[in-house]
Every structure is written in C-alpha cells, then in structure tokens.
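# Residue-level structural notes
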Amino acid sequence: ALKLIDAGEDITKNTYMLKKLPEEELMDILALGYEKNKKIAKAGSLWRGLNKPQRALAISKNINPKSKEILTMRGAAFGDLGNFEEAKICAFEAIKLDPTPPHPYRLLCKIALNEGDIEKAQEYFYEAEKRDDSYLERDEWEDYLRKAGILKREKIAEFLFKNDPGKYSWVRKYLKAN
C-alpha cells in the first residue's frame, strides 16, 4: 500500500486492499494517502485520531490560504497538545471564514470546559447545537471524556447531561451517582 501511495495512487478508493489491513496500519496509510492527495484536513484528523497531533500541525503549517476545515483541525490538534490559546485562535479564524459549521463551536466548548469556564462552554455548546451538531458527536465526546482526567470527566459528563438528558443519557456511566 505504501508503494502505491509513493507512486501517486489514490489508495483511499481501493477498499478491497484496505479491508485486509490491521486497523492501526490502515489509519496510518489512510492518513498518508489523504496527505499525498492534498486532503490535509482529513489527513490531519486521522493523525489526531492516532494520537499524533504534531504530525497534523506539521502537514498543515504552510497551507495558505487556510480553509475552515484546516483551521478547525489545527485548533483541535493544538487543543490535544494543551495549547488552548492557539486552539482558540484557529477556531475563531474558522468562524470568521464561515460561521455556519458546528465544529469550531464544539472546539471552543471543549476548550472552555478544559479551562473550567462553564458559562462560556454553555454559550459555545448552544451555538454548536443550533448548527445541527449530531452526526459524529457521540464518538467525539466519548473520546474527549476518555482523555479527560477523572474530575474533569465527571464535570463534563454532568455538563452534557444537564444540557440534554435524553440526548446525552449515555454519559451516565461517567457520573458518580448513576
């Protein structure tokens, strides 16, 4: 698969070959394939999923002009590394380009939660919800909760559950008193 990528092939369309690979290798190869085919936002998201946010930042550093997708991905990568100021800058730049997608607002919500600013988190949470933030939300929130420390995890779960007990009923497993 790596030889095909080096030869300039778009292996992301060869599902037969990809199905036979172990998941970790598959994700690496997909990230490289997206990177090679200039799908930087997708590649960066995969690198982040592989716990390689530095790689996501490196491949997107010199891309100009930056798209809202690249800016949001970079912001999330900065957030993964604990650089919340840079993460906010990226999120606000993405919103300036296009205020309609939910992703930069969700990123800002997570940053505010990390900083303990529940009021700001609430504001960004509602902005993301207004923009129909449902398609990958649970997986992303689950991943975020798993990475959070125990005390933060409980506060974040409490925050989500309080906002919409029906939609976020699955966070009960993260709450102290179920």
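Look up a bit, the structure's there.
Residues numbered from 1 in each chain as written. Predicted model: local features only at pLDDT ≥ 70, side-chain atom pairs only at ≥ 80, totals over all residues. Heavy atoms only, no water.

### With respect to the overall build of the protein
- Each helix and strand counted, the protein has eleven helices and zero strands in total.
- Starting at the N terminus, the α and β elements of the protein follow one another as α-α-α-α-α-α-α-α-α-α-α.
- When burial is assessed residue by residue, the protein has 43% of its 178 residues classed as buried.
- Total accessible area computed for the protein in this model is approximately 10400 Å², and 53% of it derives from carbon and sulfur atoms. (Helix = DSSP H or I, 4+ residues; strand = E, 2+ residues; numbered from the N terminus. Buried < 20%, exposed > 50% of the residue type's maximum accessible area, 1.4 Å probe, protein only. Areas by Shrake-Rupley, 256 points an atom, 1.4 Å probe, with all protein chains shown as cover.)

### A look at the packing of helix H8 (residues 103–114) against helix H9 (residues 118–130)
- With their axes 8 Å apart at the nearest point, H8 and H9 run at an angle of 165 degrees to one another. The angle between H8 and H9 falls in the class roughly antiparallel. Crossing hand, H8 versus H9: left-handed. Here Tyr105, Arg106, Leu108, Cys109, Ala112 and Leu113 of H8 come into contact with H9, specifically with Ile118, Lys120, Ala121, Tyr124, Phe125, Glu127 and Ala128.
- Split into classes, the residues belonging to the contact of H8 with H9 amount to ten nonpolar, no polar and three charged. (Axes fitted to C-alpha atoms, helices over the stretch in contact; angles between N-to-C directions. Parallel < 35°, antiparallel > 145°, perpendicular 65-115°, else oblique. Left-handed = near helix turned anticlockwise from the far one by under 90°. Contact = heavy atoms within 4.5 Å. Nonpolar A, V, L, I, M, F, W, Y, C, P; charged D, E, K, R; others polar.)

### Topic: the pattern of salt bridges
- A full pass over the atoms with the stated rule returns twelve salt bridges.
- Two residues, Lys88 and Glu85, come together in a salt bridge whose shortest N-O distance is 3.4 Å. With a gap of three residues between them, Lys88 and Glu85 both fall in helix H7 (residues 84–97), about one helical turn apart.
- Of the charged contacts in the structure, one is a salt bridge between Lys130 and Glu127, with a shortest N-O distance of 3.0 Å. Pair noted here: Lys130 and Glu127 are both in helix H9, with a separation of three residues, about one helical turn.
- Using a relative accessible area of 61% as the deciding quantity, one classes Lys130 as exposed. (Salt bridge = Lys/Arg side-chain N within 4 Å of Asp/Glu carboxyl O.)

### Regarding helix H3 (residues 23–36)
- If you check H3, its first and last C-alpha atoms are 20 Å apart, about what 14 residues at 1.5 Å a residue would give, namely 20 Å.
- Listed as buried for H3 are Leu26, Ile29, Leu30, Ala31, Gly33, Tyr34 and Glu35.
- Directly beyond the C-terminal end of H3, a positive phi value near 65 degrees is found at Lys38. (Expected span 1.5 Å × (residues − 1).)

### Focus: the nonpolar core
- In terms of nonpolar packing, the biggest core is built from 47 residues, with Cys109, Leu113, Trp141, Leu145, Ile156, Leu160 and Val171 touching the most fellow members.
- Looking at which element gives the most residues to this core, the answer is H8, with seven residues. (Core = buried A, V, L, I, M, F, W, Y, C linked by side-chain atoms within 4.5 Å.)

### Overview of the packing of aromatic side chains
- Throughout the structure, instances matching the rule amount to five aromatic pairs.
- Between Phe125 and Phe159 the ring centres are 5.4 Å apart and the planes differ by 80 degrees, which places this aromatic pair in the edge-to-face class. Of this pair, Phe125 sits in helix H9 while Phe159 sits in helix H11 (residues 150–163), and the two are 34 residues apart along the sequence. In this structure, Phe125 and Phe159 share a single accessibility class: buried.
- Put simply, the rings of Phe125, Tyr126, Phe159, Tyr168 and Trp170 touch in pairs and so form one group of aromatic residues. (Phe/Tyr/Trp six-rings, centres within 6.5 Å; stacked < 30°, edge-to-face > 60°.)

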